[in-house]
Amino acid sequence: MSPFERVAFVDTTLREGEQFATARFNSAQRLAIAEALDAFGVEYIELTSPAASPQSARDLERIAKLGLRSRIVTHVRCHLDDVRLAVECGAQGVNMLYATSEQLRHASHGRNLDQIIEEAAIVIDYLKGQAVEIRFSAEDTFRTDLSELIRIYSSVAALGVHRVGLADTVGIATPRQVYATVAEVRAAVSCDIEFHGHNDAGCAVANAFCALEGGATHIDVTVLGIGERNGIASLGGMIARLATLDQALVARYDVGMLTELDAMVAAMVGIPIPFDAPISSPYAFHHKAGMHTKAVLTDPRSYEALDPAAFGLARTVAVAHRLVGWHAIAERARELGIYLSEPAARQAAARIKALGDEHELDSTTVDELLYEYAE
Ligand code: HCA
Ligand code: CU
């Protein structure tokens, strides 16, 4: 099977996403997000630790009881108290993390490698008696010495975790580094591998994709990529990445819901959908310059890597600007039910260009002008 067919998305909008600057989901919103993600078809939904706040525990319990198709997992410290609480709240999986880099070990917990493995062993031993999926992630993987990493992952894999996690916590990993590190881990363990990558250097989606190529089975995403700082790989970004290779790779998801899902979460956190969001940006399928519009009107694939219709969307072709071309003008006229010959369309385009040099145009003005050129 191709590495892209077996990917499972772990959507962490309800954990990493809650760490986004302006996010503060109430219970009803958490429920709405979980239901929407389930309807979309993500394989896993990660929720904030029940130890974080009383409401987080109640919401985990409630969402875990919904019987969604997505597996409900929670993100916890590798502590017996936390994982016990996660199990009591009905989580189907525990995503544990432990900081392993020099930097974070010093700043955060001060334990050495052997102590980390000893503590993990106690927690994993308890969890093996519970019917939950166990994941152990080394926080700040890419600033952790590779031989130490392999030792930790091999140890927890031998202890029986279902999945190990690699986290590019500060977004510094390069795509090739992600590929190489995941491939090393792939060779060392036989359990599943999860990748979580931050977007500080704008590489989150590229890094997640390289993780898949290197042998990862699970990819963390959030709606719009929201998370600490400027976030992680976005669900839409990963869907776009895979769909450009083959639309069939995303056929198991209800991709027609993506824009609605992005819009819902954007509204909840009080931001617009970013202009550069793959697929759901209002401009993702917008064509402007004359050269582009001519080619797109002849064959959309000329300037579209993805078919907007596959996502329930339509392309837009802009005519109210000075870069307009006559093909776009003729097409707009057809939409308005009027016929412009090539010379008429060329004249109209020339007029619009001159007007566009003088001031900003709007589409009503341009439409009115087209009627003047109608035969
Ligand atoms: C955090 C850290 C984390 C964890 C990722 C993981 C990161 O904010 O708690 O559990 O794999 O980026 O390292 O999100
Ligand atoms: Cu993170």
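Residues numbered from 1 in each chain as written. Chains lettered and ligands numbered in written order. Predicted model: local features only at pLDDT ≥ 70, side-chain atom pairs only at ≥ 80, totals over all residues.

Asker: Tell me about the environment of Thr141, and please be specific about residues and values.
Answerer: In this structure, Thr141 sits in the loop between strand S5 (133-139) and helix H6 (146-159). When the 28 C-beta atoms within 10 Å are taken as the criterion, Thr141 is described as buried. As for Thr141 and Ala99, which are separated by 42 residues in sequence, their C-alpha atoms are 8.1 Å apart. (Helix = DSSP H or I, 4+ residues; strand = E, 2+ residues; numbered from the N terminus. Buried ≥ 20, exposed ≤ 12 C-beta atoms within 10 Å, placed from the backbone.)

Asker: So what about helix H13 (residues 342-358)? Which residues, and what values?
Answerer: With 17 residues, H13 should reach 24 Å at 1.5 Å per residue; the first-to-last C-alpha distance of 25 Å fits that figure. Taken together, the buried positions of H13 are occupied by Ala344, Ala345, Ala348, Ala349 and Ile352. Down the axis of H13, the buried side of the element spans an arc of 135 degrees, and every buried residue falls inside it. Away from its buried face, by an angle of more than 90 degrees, H13 presents the exposed residues Pro343, Ala354, Asp357 and Glu358. (Expected span 1.5 Å × (residues − 1). Arc of directions from axis to C-beta.)

Asker: Go over the domain arrangement of the chain, please, and point to the residues and values.
Answerer: Each assigned domain of the chain is listed with its residue range as follows: domain 1 (8-269) and domain 2 (286-372). Between the C-alpha centres of domain 1 and domain 2 there is a distance of 44 Å. Listed as interface residues are eight residues of domain 1 and, on the opposing side, six residues of domain 2. Counting residues per element, the ones that place at least two in the side of domain 1 that touches domain 2 are helix H9 (235-245) and helix H10 (258-269). Sort the elements by how many residues they give to the side of domain 1 that touches domain 2 and H9 lands first, with three residues. Grouping the amino acids of the side of domain 1 that touches domain 2 by side-chain chemistry returns four nonpolar, four polar and no charged. (Domains from an automatic or database assignment. Contact = placed C-beta atoms within 7 Å. Nonpolar A, V, L, I, M, F, W, Y, C, P; charged D, E, K, R; others polar.)

Asker: An account of the site of ligand 1 is needed here, citing residue identities and associated values.
Answerer: Close to ligand 1 lie 13 residues; Leu97, Ser137, Ala167, Thr169 and His196 are nearest. Residues that form the shell around ligand 1 fall into these classes: two nonpolar, eight polar and three charged. (Near = placed C-beta within 6 Å.)

Asker: How would you summarise the environment of Ala173 if you had to cite specific residues and measurements?
Answerer: Here Ala173 lies in the loop between strand S6 (163-168) and helix H7 (175-188). Classification of Ala173 as buried rests on a count of 29 C-beta atoms within 10 Å. If sequence neighbours within four positions are ignored, Ala173 has contacts with Phe142, Asp168, Val178, Gly197 and Asn207.

Asker: Outline unusual backbone geometry, supporting the account with residue identities and numerical values.
Answerer: Even without being a glycine, Asp140 presents a positive backbone phi close to 65 degrees. The phi dihedral of Ile279 falls on the positive side, at around 65 degrees, and the residue is not glycine. Structurally, Ile279 is set in the loop between H10 and strand S9 (286-287).

Asker: I'd like a rundown of the nonpolar core, residues and numbers included.
Answerer: Looking at soluble globular proteins, one finds that nonpolar side chains tend to be buried together. One finds Ala91, Val94, Ala208, Ile219, Met238 and Ile239 to be the most contacted residues of the largest nonpolar core, which totals 93 residues. When near neighbours in sequence (up to four residues on either side) are disregarded, Ala91 contacts Leu60, Ala64, Ile72, Val73, Thr74, Ala86 and Val132. (Core = buried A, V, L, I, M, F, W, Y, C linked by C-beta atoms within 7 Å.)

Asker: Quick one: what's the story with H9, residue by residue and with numbers?
Answerer: Of all the 11 residues making up H9, nine are buried; the element is thus mostly covered by neighbouring parts of the structure. All of the buried residues in H9 are Leu235, Gly236, Gly237, Met238, Ile239, Ala240, Arg241, Leu242 and Ala243. Looking at the buried side of H9, the elements it contacts are strand S1 (8-11), helix H8 (204-214), strand S8 (218-221) and H10.

Asker: How would you explain the pairing of S8 if you had to name every residue and give the values?
Answerer: Alternating positions in S8 separate into two faces, His218 and Asp220 on one and Ile219 and Val221 on the other, with burial throughout. Where S1 lies against S8, four bridges are found, and the strand directions are parallel. What sits directly across from Phe9, in S8, is Ile219. The sheet contact formed by strand S7 (residues 192-197) and S8 spans two bridges and is parallel. The residue of S8 that forms the bridge with Glu194 is His218. Handedness of the crossover joining S7 and S8 through H8: right-handed. (Pairing = 2+ DSSP bridges. Right-handed = clockwise from strand over helix to strand, strands pointing away.)

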